[in-house]
Amino acid sequence: MARPKFMNLFKVAPVLLGASFVAAQAQPVFAQSVESSEQELLQQIDEYNNQGNSNSLNQVNSVFQLRDVSPGVWAFEALRNLVERYGCIAGYPDGTFRGDRALTRYEFAAGLNACLQQLERIIGTGGGIGAEDLATIQRLVQEFEAELATLGTRVDNLEGRVGFLEDNQFSTTTKLSGSVVFLNAVAFGGDDGDLGEPDGGIGFVYDAVLDFEASFTGRDELKVSFQAANFDDFTVNATGTDDAALDNDEDTGGSFEMEDLIYTFPIGDAVTVAIGANDFDPDATFDYSYGSGAELSDYTIDGEEAITDGEGDEDDVGISVNFALTDELSFGVGYTTDDANATDPEVGLFADYIIATAVNYSGGAVDFGIGYTLTQKGTNEFTRADGGVDSLDSTKNAVGARGAVRFGPSVELGGFFEYIDINEKNVANEDIELSRDGVSFGANLAFFDLGKEGAKLGLAFASRAFYSDVDVDDDGGDRDLADDIADELEEDDRTWIVEGSYDFPINDNVSITPGLIWIINPARDSDNSDIFIGVLRTSFSF
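Residues numbered from 1 in each chain as written. Predicted model: local features only at pLDDT ≥ 70, side-chain atom pairs only at ≥ 80, totals over all residues. Heavy atoms only, no water.

1. Some words on the overall build of the protein
1) Next: Scanning the protein from N- to C-terminus turns up eleven helices and 19 strands.
2) Next: Taking all 542 residues of the protein together, 41% fall into the buried category.
3) Next: A separation of at least 24 residues holds for 64% of the contacts in the protein among residues at least 6 apart in sequence.
4) Next: Carbon and sulfur atoms make up 52% of the accessible area of the protein, which totals about 27200 Å². (Helix = DSSP H or I, 4+ residues; strand = E, 2+ residues; numbered from the N terminus. Buried < 20%, exposed > 50% of the residue type's maximum accessible area, 1.4 Å probe, protein only. Contact = heavy atoms within 4.5 Å. Areas by Shrake-Rupley, 256 points an atom, 1.4 Å probe, with all protein chains shown as cover.)

Below, the structure written as structure tokens:
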């Protein structure tokens, strides 16, 4: 009669040994689990599915292999017993046990499986469990009776929820997410200079984005985004200068249009490739940071974007490749062209192009990158003061740096510098060539968790590229025309843009960001009055 009783104990032994494995690491784990909400259940499913290999467990043969477990630890004897007698305790690859942290379901399953396999081996070789071990099992049954019952119920609940999600999921390969931004803005200032006083009406505009992200191998991603927006250059029209442009100032006439169509995939462990067919930038795969202190102005965030996407259009297509040279150092190269060229058999992919390259370092508290971009975007129309229109072929070379430094978890300083050289040729009179160069730069400061966890106070400034001199080479062409064009291209003063914002999260999905933008010497002319733009942005994510 002893045999059936022993087999009944064997059926529960793995669970009980698993419970002792849990008890040895963190006694309050199951009690905490009882209080978890339904949202935490879904988070557990997601975390379990996304559990990586970086924290995989390794079997140990002696408790002394665990360098953070000393004889003075209260659970030392229990751990030694499980390791040396049953061989069913695992440690992390770095030789630690981490007994003071909460246990994940993944780690619990690893320990439970190890104990089950070891008991099967003992039974298979004719071994047995002594009276002392049986007493321990009985004690654990009594001690963890409520927790084990709760665990079984929660596992059943999780299985039911997973089954429901699998039966009702949007797609087996695709995740849908989205964002909506409502923005109120008003411009005000003096009436001096050519710009005059800004229109003072309060605007209300929106930007809605739906992202479909699919993966077919677990390492690749196909992203399809649709956007509906009606910004319609509200602040630009109100002030008369594009210095007032806001970040992501898009307009689709209120209809959803395709924004992104990008497929990203790895080649081995060190190479990432992205191919884009709409609104694609050549630096799409690059690793870099400008800092986090700029939120509102299109220019305080990343300047003229001369070293990121040149003069990229919304319908650019191309390829971007990033090479991880080390864990911290990477090299990127990208190429884009207008999709009008890509769909025209007489032109093709290799005309009016942008080539971007960059070396980026990201390690610990410092991000730093240097980049170079060549932009050959063909013909641009230029209107002179006398109303005449000239077409100029433009070639732009830009080199610069961007980066960020974090001072602990609460403060980050970022910034950028761009040197831009532009060479242009008159299409109608190719003897007329013009060249100019200028610099753009900026810095920003972010204070995280100020006033509330997840909140951010941001301060930023930027100076737009300033072209004070234009060199003219007429080479026998129309000198008067060349001088007229040069006069229009030359700029009088440097424009400065200063911004302050406070991003306040209402919850995980809703945030409110009030801010103020101050534009000094707008339109590169100190005769113009300074412009101020008040902004209130409400963001929703789902």
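2. Some thoughts on a nonpolar patch on the surface
1) Next: On the surface, F323, L325, L329, F331, V359, Y361, V366, F368, I370, V405, F407 and L413 cluster together into a nonpolar patch covering about 990 Å² of accessible area.
2) Next: Within the residue set of the nonpolar patch, elements represented by two or more residues are β9 (329-338), β10 (353-363), β11 (366-383) and β12 (389-407).
3) Next: By residue number, the principal contributor to the nonpolar patch is β11, which donates three residues.
4) Next: Within the secondary structure, F368 sits in strand β11.
5) Next: The class for F368 is partly exposed, based on a relative accessible area of 47%. (Patch = residues over 30% accessible without salt bridge, like charges linked within 9 Å, V, L, I, M, F, W, Y side chains within 5 Å. Salt bridge = Lys/Arg side-chain N within 4 Å of Asp/Glu carboxyl O.)

3. Points about the packing of aromatic side chains
Describing an aromatic ring pair means giving the distance of the ring centres and the angle of the ring planes.
1) Next: Throughout the structure, instances matching the rule amount to 14 aromatic pairs.
2) Next: Residues F188 and F532 carry aromatic rings whose centres are separated by 5.6 Å and whose planes lie at 15° to one another, so their mutual orientation is stacked. Here F532 lies in strand β19 (residues 531-541) and F188 lies in strand β3 (residues 174-189), a separation of 344 residues in the sequence.
3) Next: Looking at F188, the relative accessible area reads 41%, which means it is partly exposed.
4) Next: With centroids separated by 5.9 Å and ring planes inclined at 15°, the aromatic side chains of W518 and F532 adopt a geometry described as stacked. With W518 in strand β18 (residues 510-520) and F532 in strand β19, this pair connects stretches of sequence that are 14 residues apart.
5) Next: According to the relative accessible area criterion, W518 is partly exposed, its value standing at 34%.
6) Next: Accessibility expressed as a relative area gives 24% for F532, which makes it partly exposed. (Phe/Tyr/Trp six-rings, centres within 6.5 Å; stacked < 30°, edge-to-face > 60°.)

4. Regarding the environment of G515
1) Next: Along the polypeptide, G515 turns up in strand β18.
2) Next: In this view, G515 contacts L296, G500, S501, I533, G534 and V535; residues no more than four positions away in its chain are not counted.

5. With respect to the pattern of salt bridges
For side chains of opposite charge, pairing can occur when their charged atoms come near one another.
1) Next: Counted according to the given criterion, the structure contains 14 salt bridges.
2) Next: Across the pair D243 and R524 runs a salt bridge, and its minimum N-O distance is 3.8 Å. With D243 in the loop between α8 (234-239) and β6 (257-267) and R524 in the loop between β18 and β19, the pair connects residues that are 281 residues apart, well separated along the chain.
3) Next: Here D243 falls in the buried class, since its relative accessible area comes to 1%.
4) Next: Between D367 and R406 there is a salt bridge; the shortest N-O distance is 3.2 Å. Residue D367 is found in strand β11, and its partner R406 is found in strand β12; the two are separated by 39 residues along the sequence.
5) Next: Exposure remark for D367: the relative accessible area of 12% places this residue in the buried category.
6) Next: In this structure, a network of salt bridges that share partners links the residues D242, D243, E304, R464, E491 and R524.

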